[in-house]
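# Results of the structural survey
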Amino acid sequence: MSATSERIIIKGGKPMDGRIRINGAKNSAVALLAAVALTEGSVLLENLPQISDVECMADILQAIGFHLSVEGPGNYRFTAQDDPKSTTPDELAKRMRASYYFMGSLLGRLGESCVALPGGCDIGARPVDQHLKAFRAIGAEVVEDMEGGRISLKAQELKGATIFFDMNTVGATINAMLAACRAQGVTVLENAAREPEVIEVANFLNAMGARVRGAGTETIRIYGVKHLGGCTSTCIPDRIEAGTFMMAAAATKGVLTLVNVIPEHLDAVSAKLGEAGIRVTHGLDWLKVDAQETRPRGIMVKTLPYPGYPTDLQPQAMAFLCKAAGNSRIQETIYERRFGASEGLVAMGAKIRIDGNNAFIEGVESLTGCDVYATDLRCGASLLIAGLSADGETHLHNLHHIDRGYDRLVERLTELGMDLIRVTM
Ligand code: EPZ
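Residues numbered from 1 in each chain as written. Predicted model: local features only at pLDDT ≥ 70, side-chain atom pairs only at ≥ 80, totals over all residues. Heavy atoms only, no water.

### Concerning the overall build of the protein chain
Looking only at helices and strands, one finds 14 helices and 23 strands in the protein chain. Computed over C-alpha atoms, the radius of gyration of the protein chain comes to 21 Å, within 12% of the 22 Å expected from 2.2 N^0.38 for 425 residues, which places it in the range of a compact globule. The buried share of the protein chain, taken over its 425 residues, is 58%. Residue pairs in contact within the protein chain that sit at least 24 positions apart in sequence constitute 73% of those at least 6 positions apart. (Helix = DSSP H or I, 4+ residues; strand = E, 2+ residues; numbered from the N terminus. Rg over C-alpha atoms; globule rule 2.2 N^0.38 Å. Buried < 20%, exposed > 50% of the residue type's maximum accessible area, 1.4 Å probe, protein only. Contact = heavy atoms within 4.5 Å.)

Take a look at the structure:
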């Protein structure tokens with residue numbers, strides 16, 4: 001893999017110390033931004049993280065006809081002009097996976113949509129069959145243009161239906177809600193995803209005038225309405241960003257207080273750190289990780305849909321467990337190819353054996369910095385954590401992956417006593 005000229009140089013080995021404010025959640029923000037396409041009024045979204053995925057979704061909204069005014073850092077007001085365009089620009093849509101939410105929101109708003117097939121992290125096959133099944137069930141005709149890489153949806157009339165999802169899917173649950181809130185009658189989503197992002201989108205839709213009930217349970221009912229108007233909504237804290245900092249504090253034997261978090265969203269992460277012997281305490285909207293003077297124990301981590309341990313924090317756990325005492329096992333059950341970080345970690349001296357969807361880690365005393373390459377967003381976070389806990393200098397490459405999901409990471413880690421710098425060479 002060739003090195004890009006931009007990199008983060010990390011001088012590892014310092015314990016993290018301080019307090020960090022957690023940003024708005026990427027995976028909520030991108031869904032809320034697509035949901036904006038349903039409004040016929042003016043919507044203010046507050047506390048959006050300032051990351052490239054959010055900028056890309058905002059660019060798409062503007063390209064299809066919404067007016068944007070920025071009312072402060074992370075506070076974006078979108079105002080509907082005429083009917084939006086039903087086609088999103090290919091170049092923008094292909095940049096990120098969450099653009100697929102425009103399939104649902106534009107279908108709901110206009111009865112048609114045309115969106116290029118999603119990009120995003122390369123972590124295995126990521127089909128959209130469940131999304132398309134939901135759109136078909138409520139009356140849309142689906143045309144997959146393989147050559148142009150687009151999916152077109154068109155409905156004479158959207159009609160409520162019962163949809164049973166074959167697996168826990170955040171994206172298809174949200175997309176079905178977006179399309180169904182303007183359908184006639186009741187849509188029932190069975191085996192719906194229960195992630196906080198799903199609840200957040202349902203709350204936002206309801207604030208605009210939709211009638212979505214049951215989000216956060218396995219059955220969501222959507223009673224169709226004729227019109228969605230304006231509202232103000234604040235993005236929830238990013239549990240994955242918070243978990244990434246928790247793992248970094250644990251890996252560097254530091255003490256970190258996280259504020260603006262919803263501790264309940266991080267129960268699985270706190271529990272796993274606790275099993276490894278690290279002290280985690282919390283209040284209403286804060287969490288504290290204390291990993292001083294503790295060499296963590298090896299543990300078993302199995303990724304599961306919420307409220308289980310999140311797949312988006314699996315690579316970060318792998319980085320942390322490399323230096324734990326004894327053996328650990330990570331079982332990845334959501335994606336078929338999400339052990340991309342192991343290559344870089346092994347280059348740093350970790351002992352990891354991958355067997356199918358299991359990673360077996362034998363704890364080592366130390367890691368040694370070297371050149372490592374992010375292959376996706378969370379892999380980048382994992383290698384960064386390893387670099388912070390390693391001896392010597394780590395050069396992390398392919399920074400565009402990290403920029404998709406983490407805002408001002410170098411600056412914020414520096415404020416926590418970490419020694420790292422972003423350079424162009
Ligand atoms: C969301 O992806 C997140 N992305 C992912 O975060 C996260 O890993 C994932 O949920 C699981 O929590 C966004 O919110 C933008 P899924 P999503 O539909 O919605 C299979 C990150 O690092 N599936 O819940 O696309 C799928 O292949 C990213 O921030 C189908 O087979 O995930 C996967 O194995 C990466 N057919 C599983 O279900 C479908 O039609 C869960 O996917 C849909 C999904």
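### Brief notes about unusual backbone geometry
Tyr-306 connects to Pro-307 through a cis peptide bond whose omega is 10°. Tracing the backbone shows Pro-307 in the loop between β17 (300–302) and α10 (314–321). The backbone of Lys-253 sits at a positive phi, close to 55°, despite the residue not being glycine. Take Lys-253: it is sitting in the loop between α8 (239–251) and β14 (255–259). Look at Lys-253 and you get partly exposed, because its relative accessible area is 39%. For Asn-398, which is not a glycine, the phi torsion comes out positive at approximately 65°.

### Digging into the sheet that holds strand β10 (residues 186–190)
With respect to topology, four strands assemble into an open sheet ordered β9-β10-β12-β11, the strand pairing being mixed. Every interior strand has two partners, whereas the edge strands, β9 (162–164) and β11 (211–213), have only one. Recorded for the sheet is a direction-independent mean angle of 15° between the axes of neighbouring strands. Where β9 and β10 come together, three bridges link them in parallel fashion. Pairing of Ile-163 across the sheet is with Leu-189, part of β10. (Pairing = 2+ DSSP bridges. Axes fitted to C-alpha atoms, helices over the stretch in contact; angles between N-to-C directions.)

### So, the environment of Val-142
By secondary structure assignment, the location of Val-142 is in strand β7 (residues 141–145). Take Val-142: its relative accessible area is 15%, and that puts it in the buried class. Setting aside anything within four residues of it in sequence, one finds Val-142 in contact with Leu-132, Arg-136, Ile-151, Ser-152 and Leu-153.

### Notes on empty space enclosed by the protein
Taken as a whole, this structure holds three cavities of 30 Å³ or more when the rule is applied. Quantified by volume, the largest cavity comes out at close to 60 Å³. Along its surface, the largest cavity is lined by Thr-244, Phe-245, Ala-248, Ala-381, Leu-384, Ile-385, Tyr-406, Leu-409 and Leu-413. (1 Å grid on protein atoms, 1.4 Å probe; cavity = no way out; pocket = protein on both sides within 12 Å on 5 of 7 lines; lining within 4 Å. Points joined across faces, edges and corners; volume = space filled by probe spheres on them.)

### Considering the domain arrangement of the protein chain
We note that the domain assignment places domain 1 (6–23 + 237–424) and domain 2 (26–234) within the protein chain. Put simply, the middle of domain 1 and the middle of domain 2, counted by C-alpha atoms, are 31 Å apart. Between domain 1 and domain 2, the buried area comes to about 1,900 Å², and carbon and sulfur atoms account for 48% of it. Broken down residue by residue, the surface that domain 1 buries against domain 2 is led by Tyr-306, Arg-337 and Arg-404, which jointly contribute 34%. At the surface where domain 1 touches domain 2, the tally comes to two salt bridges. The salt bridge partner of Arg-239 is Glu-197, with a shortest N-O separation of 3.0 Å. At the surface where domain 1 touches domain 2, the tally comes to five residue pairs in polar contact (both at pLDDT 80 or more). Considering only residue class, the side of domain 1 that touches domain 2 consists of six nonpolar, four polar and twelve charged. (Domains from an automatic or database assignment. Buried area = accessible area lost by both parts, 1.4 Å probe. Salt bridge = Lys/Arg side-chain N within 4 Å of Asp/Glu carboxyl O. Polar contact = N/O pair within 3.5 Å; in protein donor to acceptor, adjacent residues only side chain to side chain. Nonpolar A, V, L, I, M, F, W, Y, C, P; charged D, E, K, R; others polar.)

### Considering the nonpolar core
With 78 residues, the main nonpolar core has Phe-102, Met-177 and Leu-205 as its most contacted residues. Ignoring any residue separated from it by four or fewer positions in sequence, one finds Leu-205 in contact with Ala-35, Leu-38, Met-177, Leu-178, Cys-181, Ala-210, Val-212 and Leu-228. Within the second largest apolar cluster, 69 residues are counted, among which are Ile-22, Met-246, Val-269 and Ile-299. (Core = buried A, V, L, I, M, F, W, Y, C linked by side-chain atoms within 4.5 Å.)

### A short note on the side chain of Asn-175
For Asn-175, the location among the structural elements is in helix α6 (residues 170–180). The contacts of Asn-175, once residues within four sequence positions are left out, are Tyr-100, Tyr-101, Met-103, Gly-104, Ser-105, His-131 and Phe-135.

### Side note on helix α12 (residues 377–389)
Compared with the 18 Å implied by 1.5 Å per residue over 13 residues, the 19 Å span of α12 between its first and last C-alpha is a close match. At the N-terminal end of α12, a side-chain oxygen is found 3.1 Å from the backbone nitrogen of Arg-378, two or three residues along, and the residue is Asp-376. (Expected span 1.5 Å × (residues − 1).)

### Looking at the site of the ligand
Close contacts around the ligand come from 23 residues, with Gln-130, Thr-169, Asp-312, Ile-334 and Arg-378 the closest. At 2.7 Å, a backbone N or O of Gln-130 approaches an oxygen atom of the ligand. A distance of 3.0 Å separates an oxygen atom of the ligand from a polar atom in the side chain of Arg-338. Here the ligand has 820 Å² of accessible area as a free molecule, and 90% of this is covered by the chains. The dominant element in the shell around the ligand, judged by the number of residues it contributes, is helix α5 (residues 129–137), at three residues. (Near = heavy atom within 4 Å. Areas by Shrake-Rupley, 256 points an atom, 1.4 Å probe, with all protein chains shown as cover.)

### Brief notes about the packing of α6 against helix α7 (residues 196–207)
Orientation of α6 relative to α7, taken along the N-to-C sense of each, is 10°, at an axis distance of 10 Å. The orientation of α6 relative to α7 falls into the category roughly parallel. Contacts from Val-170, Thr-173, Ile-174, Met-177 and Leu-178 in α6 reach Glu-197, Val-198, Val-201, Ala-202 and Leu-205 in α7. (Parallel < 35°, antiparallel > 145°, perpendicular 65-115°, else oblique.)

### Some details on the sheet that holds strand β16 (residues 286–290)
Read across the open sheet, the four strands follow the order β2-β14-β16-β15; overall the sheet is mixed. Across the chains shown, the open sheet's two edge strands, defined by having one partner strand only, are β2 (17–21) and β15 (279–282). With direction set aside, neighbouring strand axes in the sheet form an average angle of 15°. Across the face of the sheet, α8 comes into contact with β2, β14, β15 and β16 while running at roughly 170° to β14.

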